[in-house]
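Now for the letters of each chain:
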Amino acid sequence: MGAGSRFRVPINREAKQEWITEDILDMMKERKRLKGSDAYKHIDNNIKMASKTAKEEWLNSKCDEIELLSQRNDLTAMLQKIKSFQPKQTVTASCIKGKDGGILFEIEKIVLRWTEYVEELFSDQRCAKLIQEHLQGPEVLRNEVEKCLKDMKYGKAAGIDNISCEMLKALGDFEYIFREIDDVPGLKVNGGNINNLRYADDTVLLAESENDLQNLVTIIEEKSEQYGLMMNTKKTKAMVISKKEPPKVHIKVKGKCIEHIEQFKYLGQLITTDARSDDEIKSRITITKSAFTKLSHIHVLTSKRVGLLTRLRVMKCFVWSPFLYAGETWTLNKNTQKRIEAMEFGNVDL
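Residues numbered from 1 in each chain as written. Predicted model: local features only at pLDDT ≥ 70, side-chain atom pairs only at ≥ 80, totals over all residues. Heavy atoms only, no water.

Per an unreviewed UniProt entry, the protein goes by the name Endonuclease-reverse transcriptase and belongs to Elysia marginata.

Peer 1: What's the story with the overall build of the protein in this structure? I'm lost.
Peer 2: Per the secondary structure count, the protein includes ten helices and twelve strands. Expressed as a percentage of its 350 residues, the buried residues of the protein come to 28%. Look at the contacts in the protein between residues 6 or more apart in sequence, and 48% of them connect residues 24 or more apart. By element, 54% of the accessible surface of the protein is carried by carbon and sulfur atoms, the whole surface being about 26600 Å². (Helix = DSSP H or I, 4+ residues; strand = E, 2+ residues; numbered from the N terminus. Buried < 20%, exposed > 50% of the residue type's maximum accessible area, 1.4 Å probe, protein only. Contact = heavy atoms within 4.5 Å. Areas by Shrake-Rupley, 256 points an atom, 1.4 Å probe, with all protein chains shown as cover.)

Peer 1: I tried to follow the pattern of salt bridges on my own but got confused; where do I start?
Peer 2: A side chain with one charge may pair with a side chain of the opposite charge, provided their charged atoms come close. Scanning all chains against the criterion turns up eight salt bridges. With a closest N to O distance of 2.7 Å, arginine 31 and aspartate 44 form a salt bridge. With arginine 31 in helix H1 (residues 22-33) and aspartate 44 in helix H2 (residues 40-71), this pair connects stretches of sequence that are 13 residues apart. For arginine 31, a relative accessible area of 21% gives the class partly exposed. Close ionic contact of lysine 237 with glutamate 259 constitutes a salt bridge, the shortest N to O distance being 2.6 Å. Taken as a pair, lysine 237 in strand E7 (residues 237-238) and glutamate 259 in strand E10 (residues 259-260) lie far apart in primary sequence, 22 residues in all. Classification of lysine 237 as partly exposed rests on a relative accessible area of 39%. The class for glutamate 259 is partly exposed, based on a relative accessible area of 43%. Several salt bridges share partner residues, and in doing so they unite Arg31, Asp44 and Lys48 into one network. (Salt bridge = Lys/Arg side-chain N within 4 Å of Asp/Glu carboxyl O.)

Peer 1: Quick question: what am I supposed to make of the packing of H2 against helix H9 (residues 308-323) here?
Peer 2: The relative placement of two packed helices is expressed as an angle between their axes plus a distance between the axes. One can describe the packing of H2 onto H9 by two numbers: an axis separation of 10 Å at closest approach and a directional angle of 35°. H9 is crossed by H2, and the crossing has left-handed handedness. Of H9, the residues touching H2 (which contributes Glu56, Leu59, Asn60, Lys62, Cys63, Asp64, Ile66 and Glu67) are Thr310, Arg313, Val314, Cys317, Phe318 and Ser321. Residue composition of the contact of H2 with H9, by class: six nonpolar, three polar and five charged. (Axes fitted to C-alpha atoms, helices over the stretch in contact; angles between N-to-C directions. Left-handed = near helix turned anticlockwise from the far one by under 90°. Nonpolar A, V, L, I, M, F, W, Y, C, P; charged D, E, K, R; others polar.)

Peer 1: What is the right way to look at unusual backbone geometry in this model?
Peer 2: The bulk of non-glycine residues show a negative phi, and the bulk of peptide bonds are trans. Located in the positive-phi region is asparagine 190, a residue other than glycine, with phi close to 50°. Given a relative accessible area of 82%, asparagine 190 falls into the exposed group. Despite not being glycine, lysine 254 shows a phi value in the positive range, around 60°. Here lysine 254 lies in the loop between strand E8 (252-253) and strand E9 (256-257). Residue lysine 254 is classed as partly exposed on the basis of its relative accessible area of 43%.

Peer 1: Explain the packing of aromatic side chains to me, please; I cannot follow it from the model alone.
Peer 2: Aromatic ring pairs are reported here in terms of the distance separating the ring centres and the angle at which the planes meet. One pass over the full model with this rule turns up three aromatic pairs. Judged by centre distance (5.8 Å) and plane angle (80°), the rings of tryptophan 114 and tyrosine 117 are edge-to-face. Of this pair, tryptophan 114 and tyrosine 117 both sit in helix H4 (residues 107-122), three residues apart, roughly one helical turn. Using a relative accessible area of 47% as the deciding quantity, one classes tryptophan 114 as partly exposed. Residue classification places tyrosine 117 among the partly exposed residues on the basis of a relative accessible area of 37%. Centre to centre, the rings of phenylalanine 323 and tryptophan 330 are 5.4 Å apart; their planes meet at 70°, and the pair counts as edge-to-face. Taken as a pair, phenylalanine 323 and tryptophan 330 share a single burial class, namely buried. (Phe/Tyr/Trp six-rings, centres within 6.5 Å; stacked < 30°, edge-to-face > 60°.)

Peer 1: When you look at the nonpolar core in this model, what are you seeing that I'm missing?
Peer 2: One recurring pattern in soluble globular proteins: nonpolar side chains tend to sit buried together. Counting residues in hydrophobic clusters, the biggest one holds 25 residues, and the most contacted among them are Ile20, Ile24, Met28, Ile281, Val314, Phe318 and Phe323. For this core, the secondary structure elements donating two or more residues are H1, H2, helix H8 (278-297), H9 and helix H10 (334-347). A total of seven residues in this core trace back to one element, the largest contributor, which is H9. Among all residues touching isoleucine 281, those that are not within four sequence positions of it are Phe323, Trp330, Leu332, Thr336 and Ile340. Counting 16 residues, the second-largest nonpolar core is a separate cluster that includes Ile177, Phe178, Ile251 and Ile258. (Core = buried A, V, L, I, M, F, W, Y, C linked by side-chain atoms within 4.5 Å.)

Peer 1: Can you help me understand the confidence of the model for the protein in this one?
Peer 2: Low-pLDDT stretches of the model should not have their predicted coordinates read in fine detail. Per-residue confidence for the protein gives a mean pLDDT of 77; residues scoring 70 or more make up 80%. Here helix H3 (residues 75-85) stands out as the element of the protein with the lowest mean pLDDT, 70, in contrast to E7, whose mean of 90 is the highest. (pLDDT = per-residue confidence, 0-100.)

Peer 1: Would you explain the side chain of threonine 273 in this entry?
Peer 2: Take threonine 273: it is sitting in the loop between strand E12 (269-272) and H8. Setting aside residues no more than four positions away along its own chain, threonine 273 makes contact with Met239, Val240, Ile241, Ser242, Pro246, Ile261 and Glu262.

Peer 1: Teacher, can you tell me more about the packing of H1 against H2 here?
Peer 2: The contact between H1 and H2 brings their axes to 10 Å, and the two run at 160°. As the angle between them shows, H1 and H2 are arranged roughly antiparallel. Our pair here, H1 against H2, has a crossing hand that is left-handed. Contacts between H1 and H2 involve Ile24, Met27, Met28, Glu30 and Arg31 from the former and Tyr40, Ile43, Asp44, Asn46, Ile47, Ala50, Ser51 and Ala54 from the latter. The residue makeup of the contact of H1 with H2, split by class, is eight nonpolar, two polar and three charged. (Parallel < 35°, antiparallel > 145°, perpendicular 65-115°, else oblique.)

Peer 1: What is the right way to read helix H7 (residues 210-226) from this model?
Peer 2: Along an α-helix, a turn takes 3.6 residues, which lines up residues three or four apart on a common side. Taking 1.5 Å per residue as the helical rise, H7 with its 17 residues ought to reach 24 Å, and the 25 Å between its terminal C-alpha atoms agrees with that figure. Every buried residue of H7 is listed here: Leu213, Leu216, Val217, Ile220, Glu221 and Ser224. Angularly, the buried residues of H7 cover 135° about the axis, an arc narrow enough to put them on a single face. Seen from the buried face of H7, the exposed residues on the opposite side, beyond 90 degrees, are Asn211, Glu225 and Gln226. In the segment just after H7, glycine 228 is the residue with positive phi, at about 80°. (Expected span 1.5 Å × (residues − 1). Arc of directions from axis to C-beta.)

Here is the structure:
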């Protein structure tokens, strides 16, 4: 072998995009072989047509997944799927700290340090824990759980989930407290009385007047003390919702006035004193524009190679879905409708 010889190392070609199929990769390989010949243009056109079809099929499959989750009303999984579809922004560093605190610049030393760090991070000399398989038994009844909570003794060690006995009993007591205040005056809705909204540990107390709200807070405070619970005054806020200029209220907990606020977020929705959705819609418009920009960077919505119907479907699933989340609760007026229409026409300019 002469000095001028070269070794040719075969490279495994992988698709840079998820929608590129093996057939397209084979045609790309053949196109490279035919470069400079008369057949090159023909196979290049075939690659473009196949790529367009494959990309549309891939986008439609993603839209099918989003629509299926939407039909199941699984909003959490739907939003996670939308987020995973958007391009990730990665930040790379050209240097890192060594084990001795010195700065490493060479690629080989950086890779070696990362390897050493990961090995130390995941090295575990302890014996593997035995995992016992739990066989599915009869359904656990609510009254059985309540009885177990009632019979549990304080001071017991927490289990593998680190949830203490006191916390479990507090959750049960919390439920009992609100069962006892069903008749306390709150808001009248369709002839019924609603004095609280609860989702997990997010609780909102509702009343038509300052006196009724103070009475409701006082009763809950007293009931809580009976079960050994206390209201957290630092996290408890008061707000008045009114079409007119809302007055400030002075609600007291443990003799201290709690903070009066103008807006707060409840279950992802921004609630304001004027009961309007203007600020929430402005925030959603900003989020939607950001989602549109991210998809534009990967040429999903702006590429003419993708069919118009497919691009509109992607727009509906990946851009409009986050915007319209809980939109049925919005209070719309002419100005907010114009904002939404302006954003819609701006985004649909495909």
